[in-house]
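# Coordinate inspection notes
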Amino acid sequence: MGAGSLEALVTIQLIYLIAALGHYLPFSMKQLDVGIAGYVAIGAYTSAYLTRDCDVPFALALVAGTVAAAAGAFIVDALATRVRLTGFAYAVFSLSFAEALRIILNNVEAVGSSGGLVGIPPHTTLPIVAMTAACVLAGFWVLDRTRLGALRTAIADDEFIVPIFGVPLTATKLVIFAIGGGLGGLAGGLYSHYVLFIRPDDFGFALLIALQLPMVFGGLDRFYGAVLGLLLLGFIPEFVRGLAQYRLIVTAAATLLVLIVRPSGLITHQTIASLKKAFCRRARPRGVSGLSSDRSS
Amino acid sequence: MTVFLQQVVNGLVIGSSYALVAVGFTLIFGVLRIVYLAHGAVLVAGAYIGLFALMWFGSLLAALVVGTIGAAILGLLVEFVALRPVREQNHLIALVTTISFATIVQEALRLSVQGGQAISYPASIGSVLLQTNIGGVRLHVTVGQVAVIVVALVLVVALTFIIQRTWVGRSIRAVADSPLIASMLGIRVNVISAQTVALASALAGAAGVLLGLTIPAIDPYIGEHLQFKALAIVLFGGLGSIPGAVIGGLLLGFVEAMAAGYLATSYRDLFAFVTMVVILFFRPSGLLGRRLVERV
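The structure contained in this document is the topic of the report that follows. Fair warning: this is a prediction, and the values are worked out from it, not measured in the lab.

Definitions and cut-offs
Within each chain, residue numbers correspond to sequence positions counted from 1 in written order. The order in which chains are written sets their letters, starting at A; the order in which ligands are written sets their numbers, starting at 1. Local features in a predicted model are, by the rule used here, given only for residues with pLDDT of at least 70; side-chain atom pairs are given and counted only at 80 or more, and totals for whole chains, interfaces and linings are based on all residues. Helix numbering and strand numbering both begin at the N terminus, where a helix is a DSSP run of H or I of at least 4 residues and a strand a DSSP run of E of at least 2. Note that the radius of gyration is over C-alpha atoms, with the globule rule given as 2.2 Å times the number of residues to the power 0.38. Here a residue counts as buried when 20 or more other C-beta atoms sit within 10 Å of its C-beta, as exposed when there are 12 or fewer, and as partly exposed otherwise, the C-beta atoms being derived from the backbone. All axes here are fitted lines through C-alpha atoms, helices being fitted over the stretch that makes contact, and every angle between N-to-C directions spans 0 to 180 degrees. Oblique is the label for any angle not under 35 degrees, not over 145, and not in the 65 to 115 range, which are roughly parallel, roughly antiparallel and roughly perpendicular in turn. By convention the crossing between two helices is left-handed if the near helix lies anticlockwise of the far one by an angle smaller than a right angle, and right-handed if it lies clockwise. Throughout, a pair of residues is in contact if the C-beta atoms placed from their backbones lie within 7 Å. Each residue is assigned to one class: nonpolar for Ala, Val, Leu, Ile, Met, Phe, Trp, Tyr, Cys and Pro, charged for Asp, Glu, Lys and Arg, and polar for all the others, Gly among them. Here the expected length of a helix is defined as 1.5 Å per residue gap, with one fewer gap than residues.

What follows deals with the overall build of chain A. Looking only at helices and strands, chain A features 12 helices and 0 strands. Listing the helices and strands of chain A from first to last along the sequence gives α-α-α-α-α-α-α-α-α-α-α-α. Against the globule reference of 19 Å for 297 residues, chain A gives a C-alpha radius of gyration of 20 Å, in line with a compact fold. Its C-alpha atoms give chain A principal-axis dimensions of roughly 65 × 50 × 35 Å. Looking at chain A as a whole, 47% of its 297 residues are labelled buried.

The secondary structure content of chain B amounts to 11 helices and 2 strands. Secondary structure of chain B in N-to-C order comes out as α-α-α-α-β-β-α-α-α-α-α-α-α. Taken over C-alpha atoms, the radius of gyration comes to 19 Å for chain B, in line with the 19 Å a tight globule of 296 residues would show. When its C-alpha atoms are laid out on the principal axes, chain B stretches across 60 × 45 × 35 Å.

On to the packing of helix α1 (residues 2-32) of chain B against helix α8 (residues 189-214) of chain B, then. All names here are of chain B. Packing of α1 against α8 brings their axes to within 9 Å, and their N-to-C directions diverge by 165°. With respect to each other, α1 and α8 are oriented roughly antiparallel. Note that α1 runs across α8; the crossing there is left-handed.

In this assembly, 38 residues from chain B lie in contact with 34 residues from chain A. Within the residue set of the side of chain B that touches chain A, elements represented by two or more residues are α3 (60-83), α4 (91-112), α9 (222-237) and α11 (270-282) of chain B. Residues of the side of chain B that touches chain A, tallied by class, amount to 28 nonpolar, 6 polar and 4 charged.

Take helix α4 (residues 87-105) of chain A next. The end-to-end C-alpha distance of α4(A), which contains 19 residues, comes to 27 Å, matching closely the 27 Å that a straight helix rising 1.5 Å per residue would cover. Counted residue by residue, α4(A) has 17 buried out of 19 residues, so it is predominantly covered.

To continue, consider the packing of α9(B) against α11(B). All names here are of chain B. With their axes 9 Å apart at the nearest point, α9 and α11 run at an angle of 30° to one another. Between α9 and α11, the angle falls in the class roughly parallel. When you trace α9 past α11, the crossing you get is left-handed. Of the residues in α11, those in contact with F228, K229, L231, A232, L235 and F236 of α9 are A272, F273, T275, M276, I279 and L280.

All quantities given are derived from atomic positions and should not be read as evidence of function.
Given below as structure tokens:
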């Protein structure tokens, strides 16, 4: 494997990571928004169109794509929340949005319809992607320590209790949905300026599978569960020679197996709690129980 | 006029196969109440199994029977592997396990049969062209297309009979109403769940074989789009409603055939998704169904 292809591999996987983290946000609230492929498509097409046809600087186009995707997610989720869709219906609604968008893009001449958008100027480089991914990861680390992050966990635990404490439930949810969609859009913008050629069918059901399975595999309780899942099922198989052909089947089989044995994925609240406990015991033999029992439910 | 009548016939053929897929799909949704997304993969597997049976035995009937039984067995496997272990979990887990299972089936087919190339059913009795004159209008129909309509009709009637008149059907309906009460009355929910998925998968297998007869070639991914359309039909007709699924299937078939005849073909696939969004928005219970949105 040459250095060039290695670089390409890492870049693409890091872009996937950003998209996966965007996809993770709704799920961290136990909301089944599976429209991520649509948000990525919005970001990819918006920013690619802006740099290619309107000569907008790359950074600005990237921001525009992110904002457009966030707006898309906001609208989809606002509609879904308005008619109080839950579980099953929510999944179908968001999936229909993504698929309908794909079909519409397939028919819009301005963005090349099904032939795809070609000749996108190359702007994305590995350092840019790596820096963005690092910022996003840091952002998640910070988010977990803010009020918004705490509310997210509260909504996941019981979204009917949350409004009783005077928290604007819908607004909080929509903000997090929009951030998630925006991250998807950001990933889309980076993607389109790296591969330089995008087709609507790149953002179909397959993209959802590529993001969804590793995420659930890693566990939804913490964002680094999603990161770990992507690392194990995305990064590693790419580096093993001859495995690329079987990557999807391996991913699916591994996910199925983990969910049967461990329905909450690899990293769960319990894992964290017990790890913390073990770590604290080793560090301080007298054991500080107050530290280890928080968020252990 | 010729175009119109030809599209009516085409719509009936497409609609019948849609109805066949959607009827099984709606049964699973109505009984298990999960986001089940392995139906398309089971259908494709049925189509491939049917293709091999057709090449082996050289008989259309054998293909249909083997494809149906093969798909039913695969359905049982889905239940045992992807549904039963995660029954107590939330919607997301079943969604992901069924997608994983579907991916495994699709990938296995892609890797094992002709490197994933599209493959056509051999010319057989199914592709014999019938030409009929109705009021001076010349219509083209193949034997395969007639078979689609007839078999779909027979299977839907048979399924309705099973659901309405047999003890298996009564148990299925009981579990659909309330798994808890049904289990209190001595119905084994796991067994009923397996029977439901097997029954629905058998219909999907038959639909797969019939689809193979009517479209130029099959590949491991034809089930995916069909599954989304079936999802739209199920939402349209109402979760668990067999008449709703039949009406919805035929309607979508006609709408798509008309769109293909008179509008740009590429917009054809949009109807299903627009229908889904509109239905979820304005009438979440579907045309003939119960409430979809769970009340708290």
